[in-house]
Amino acid sequence: MSAMFPLRISRRFLRVWQRNLTVYRKSWKISFIPPFLEPLFYLIAFGIGMSGLVGNIRYQGAEISYVQFIAPAIIGMSIMYNSFFETTYASFVRMYYQKTFDAIMATPLSLEEVITGEIVWGATKSVIAAAIMLIVISFFGLLHYPTSLLILPLAFLGGLAFGSIGMFFTGICANIEMFNLPVFLFVTPMFLFSGTFFPLDNLPRWAQQVALIFPLTHLTNLARSLSLGQGDSSISFGIGYLLIFSLVFFPLALWQMQQRLIK
Amino acid sequence: MIEFRNICVSVKQEWQELNPKQLPETHSDASNPTIVKAEHLLKKFGDFTAVNGVSFGVTSGECFGILGPNGAGKTTTIRMVYGFSPITSGNLKVFGLDISKDWRQIKSRIGVCQQENSLDPDLTVLQNLLVFASYFDIPKGEARKRAGDLLAFFALEHRRDAQVTELSGGMMRRLVLARALINNPNLLILDEPTTGLDPQSRHQVWDRLRDLRRRGISILLTTHYMEEASQLCDRLIIIDHGLILVEGRPQQLIRDHVGRDVIEIGSPTQELRSFLKSHHLQYEDLGHRVVVYCEERGDLYETITRDFCKEGCMIRMGDLEDVFLKLTGRELRE
């Protein structure tokens, strides 16, 4: 199949990205609300509600407050959710119910360009969400600058990783209900066990190893290092992992969508 | 009947007067008269052969129809033509170009109306056209101009800012057509363009398509409405089970396969059947009804009504539907 359909990607994928931006701009006021409120909810719940119970946390040799610990994790989760849900539920609706992909494929665009445009759009939504959250969280004085600004390109990379695997699932799932499986078996465990709400050191050794498979673990570590302004060797490892993860799942997503749509 | 036709003509004229706006002439390619050339086109889905080696050609400026019952392979055939489905084997040239290599160039010169509504419900009427124009790399200013012209041509100007979901079925189909024309295509591919439309909307679409024909645009369409095929198509093929049954001009096909007149007899008797047999007449026995195909035979009709059936008997002109049913059979396709 791949031999029959060599990758046909040109800059035209940006047209699909622009189409999604056009739609997004129609409802940006509504789209802006979740990334604006989400960090507020988390910070209030954990900062006020849990901090008293947890106190301070030792993270990489330094003593930090619990709110400081979870603030970058909230951004990481939002990066994951924005791209993953965009290329799963939202892309599925466009592909399956709205026939948007069918219409575009009758124009000089290739399926590969459509899918690339969708994934890059998912990553863009991650960047938008991260940017809004950075602004909100900065008001609490929880972010170290200028390193925290690097969370924006990180959001794009993380968005590509989660957007690619999301699109891969879209290529597999027969109907929209089936997304419950990757959400429950992939996203939820990551949400809980990627060093988001507690340091991974608290887990047994084997569980720490397993957590290293999760892209969210690396994304959270990176966001945390940048938000605290403390870099170490794990940064390049984390970036490398997310890059490789994207480089594996992006072609897999293209291939799976070819299987699904080119008939 | 004559009166009815006159009414149709006057309605049509009114419609045209209401829509004086003209579209720019499309550039037709006179040097290469064959626009689509399909040879032994074969398409398999696993073990199932959807299109089993069809060959046909569409020449510049003509309207070519692909007719067939449900599941005959119409949609599969045209999907191969516009590069949506890769061909399993055979030869397919569009504008003299190879669809597997020059697909981008080919797709930039055709307009497609798919069977399922694929308008973008997230966008307004105008945005649908503008966003679609961007897929063809049409500059913004030019896209706005073309979109304005097309909305006028399809009488959609007053709904330019409406959400697509607010439109009626007929308006949606007109918008799909407008969208397919945004790139000034040389070839328009229509997959059942009027399925599900009310008669008014259907005639409106036909009028627009005839206008486009006059401007030299070539049309390749599928349909299972015989009236649509008779109204629009210069030439057509009838396919079934992935094979071409017949090819020709609508009137010629009717003459060749049905004759001029058709006599339908309800509740036929055995005597009638033996009469038809003994006179070597061409007929189809449907049990409760017999259909006789013949040349101009008012006398035969008189004989039949006089001797074999007092009522439930009628004579009419043969049409494409007779050809279609005769060739593809009468059993249901589901």
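Residues numbered from 1 in each chain as written. Chains lettered and ligands numbered in written order. Predicted model: local features only at pLDDT ≥ 70, side-chain atom pairs only at ≥ 80, totals over all residues.

1. Overview of the overall build of chain B
From N to C terminus, chain B includes twelve helices and 14 strands. For chain B, buried positions account for 39% of its 334 residues. Within chain B, contacts between residues separated by at least 24 positions form 73% of all contacts whose residues are at least 6 apart in sequence. (Helix = DSSP H or I, 4+ residues; strand = E, 2+ residues; numbered from the N terminus. Buried ≥ 20, exposed ≤ 12 C-beta atoms within 10 Å, placed from the backbone. Contact = placed C-beta atoms within 7 Å.)

2. What to know about the overall build of chain A
Within chain A, the regular secondary structure consists of eleven helices and two strands. Starting at the N terminus and walking to the C terminus, you meet the elements of chain A as α-α-α-β-β-α-α-α-α-α-α-α-α. Relative to the 2.2 N^0.38 estimate, which gives 18 Å for 263 residues, the radius of gyration of chain A is 19 Å and therefore close to what a compact globule would have. The principal-axis extents of the C-alpha atoms in chain A amount to approximately 60 × 40 × 35 Å. (Rg over C-alpha atoms; globule rule 2.2 N^0.38 Å.)

3. Observations concerning the sheet that holds strand 4 (residues 89-94) of chain B
All names here are of chain B. Sheet architecture is open: four strands sit in the order 2-1-4-5, paired in antiparallel fashion. One side of each edge strand has no neighbouring strand; the edge strands of this open sheet are strand 2 (48-59) and strand 5 (97-98). Bridge count for strand 1 (residues 34-45) against strand 4 is five bridges, and the pairing is antiparallel. Across the sheet, residue K37 finds its bridge partner in strand 4, namely K93. Seen against the sheet, helix 2 (residues 74-81) touches strand 1, strand 2 and strand 4 and runs at an angle of roughly 120° to strand 1. (Pairing = 2+ DSSP bridges. Axes fitted to C-alpha atoms, helices over the stretch in contact; angles between N-to-C directions.)

4. Overview of the interface of chain B and chain A
At the interface, 22 residues of chain B touch 19 residues of chain A. When residues of the side of chain B that touches chain A are traced back to their parent elements, those giving at least two are helix 3 (103-108) and helix 4 (125-135) of chain B.

5. Considerations on the environment of K140 of chain B
All names here are of chain B. Looking at the secondary structure, you find K140 in helix 5 (residues 140-153). Residue K140 is classed as exposed on the basis of its C-beta count, with 10 C-beta atoms lying within 10 Å. For the pair K140 and V81, spaced 59 residues apart in sequence, the C-alpha separation works out to 29 Å.

6. Here we look at the nonpolar core
The biggest cluster of nonpolar side chains holds 153 residues, and the ones touching the most others in it are I189 and L220 of chain B. Examining the composition of this core, we find that 13 residues originate from one element, helix 4 (residues 66-97) of chain A, more than from any other. Here L220 of chain B is in contact with V36, V58, F64, I78, V81, L187 and I189 of chain B, once residues within four sequence places are set aside. (Core = buried A, V, L, I, M, F, W, Y, C linked by C-beta atoms within 7 Å.)

7. As for the sheet that holds strand 14 (residues 313-317) of chain B
Residues and elements named next belong to chain B. Reading across from one edge, 12-13-11-14 is the order of the four strands in this open sheet, with antiparallel pairing throughout. The sheet is open, and its two borders are formed by strand 12 (282-285) and strand 14, each paired with just one other strand. Averaged over all pairs of adjacent strands, the angle between their axes in this sheet comes to 20°, without regard to strand direction. Along the sheet, helix 11 (residues 298-307) makes contact with strand 11 (261-266), strand 13 (289-294) and strand 14, crossing strand 11 at roughly 5°.

8. Some words on the packing of helix 1 (residues 13-26) of chain A against helix 6 (residues 111-138) of chain A
Residues and elements named next belong to chain A. Helix 6 packs onto helix 1 with a crossing angle of 50° between their chain directions and a minimal axis gap of 7 Å. The pairing of helix 1 with helix 6 is recorded here as oblique in orientation. Two packed elements cross with a definite hand, and for helix 1 against helix 6 that hand is right-handed. Contacts between helix 1 and helix 6 involve F13, L14, R15, V16, W17 and N20 from the first element and E113, V114, T116, G117, E118, V120 and W121 from the second. Considered class by class, the residues forming the contact of helix 1 with helix 6 number seven nonpolar, three polar and three charged. (Parallel < 35°, antiparallel > 145°, perpendicular 65-115°, else oblique. Left-handed = near helix turned anticlockwise from the far one by under 90°. Nonpolar A, V, L, I, M, F, W, Y, C, P; charged D, E, K, R; others polar.)

9. Observations concerning the domain arrangement of chain B
When its domains are assigned, chain B resolves into domain 1 (32-248) and domain 2 (259-318). Centre-to-centre, using C-alpha coordinates, domain 1 of chain B lies 40 Å away from domain 2 of chain B. (Domains from an automatic or database assignment.)

10. So, the confidence of the model for chain A
All names here are of chain A. For chain A, per-residue confidence averages 91 on the pLDDT scale, and 97% of positions sit at 70 or higher. Put simply, helix 3 (residues 33-54) is where chain A has its lowest mean pLDDT, 83, and helix 7 (residues 151-172) is where it has its highest, 97. With pLDDT under 50 throughout, residues 1-5 is counted as low confidence; its partners more than four residues away or in other chains account for six contacts. (pLDDT = per-residue confidence, 0-100.)

11. Some thoughts on the pairing of strand 4 of chain B
Residue and element names in this part refer to chain B. Direction of pairing for strand 4 relative to strand 5: antiparallel, over a ladder of two bridges. When the bridges of strand 5 are listed, K93 appears paired with D98. Linkage of strand 4 to strand 5, two consecutive antiparallel strands, is achieved through a turn of two residues, within which F95 is found at a positive phi near 55°.

12. Some points on the packing of helix 6 (residues 169-180) of chain B against helix 7 (residues 199-214) of chain B
All names here are of chain B. Interhelical geometry of helix 6 versus helix 7 gives an angle of 15° and a closest axis separation of 9 Å. Taken together, the axes of helix 6 and helix 7 lie roughly parallel to each other. In this structure, the crossing between helix 6 and helix 7 has a hand that is right-handed. Of the residues in helix 7, those touching helix 6 at G169, G170, R173, R174 and L177 are S201, Q204, V205 and R208. Residues belonging to the contact of helix 6 with helix 7 are distributed by class as follows: two nonpolar, four polar and three charged.

13. Considerations on the environment of N202 of chain A
Residue and element names in this part refer to chain A. Summarising the element assignment, N202 is placed in the loop between helix 8 (180-193) and helix 9 (205-211). Of the residues examined, N202 has 10 C-beta atoms within 10 Å and is grouped as exposed. In this structure, the C-alpha to C-alpha distance between N202 and L40, residues 162 residues apart in sequence, is 26 Å.

14. Considering the pairing of strand 6 (residues 110-113) of chain B
Along any regular strand, the residues point their side chains to alternate faces of the sheet. Residue and element names in this part refer to chain B. Across the two faces of strand 6 the burial is the same, with I110 and V112 and G111 and C113 all buried. Here strand 6 pairs with strand 7 (residues 187-191) via four bridges, running parallel. Looking across to strand 7, one finds that V112 is bridged to I189.

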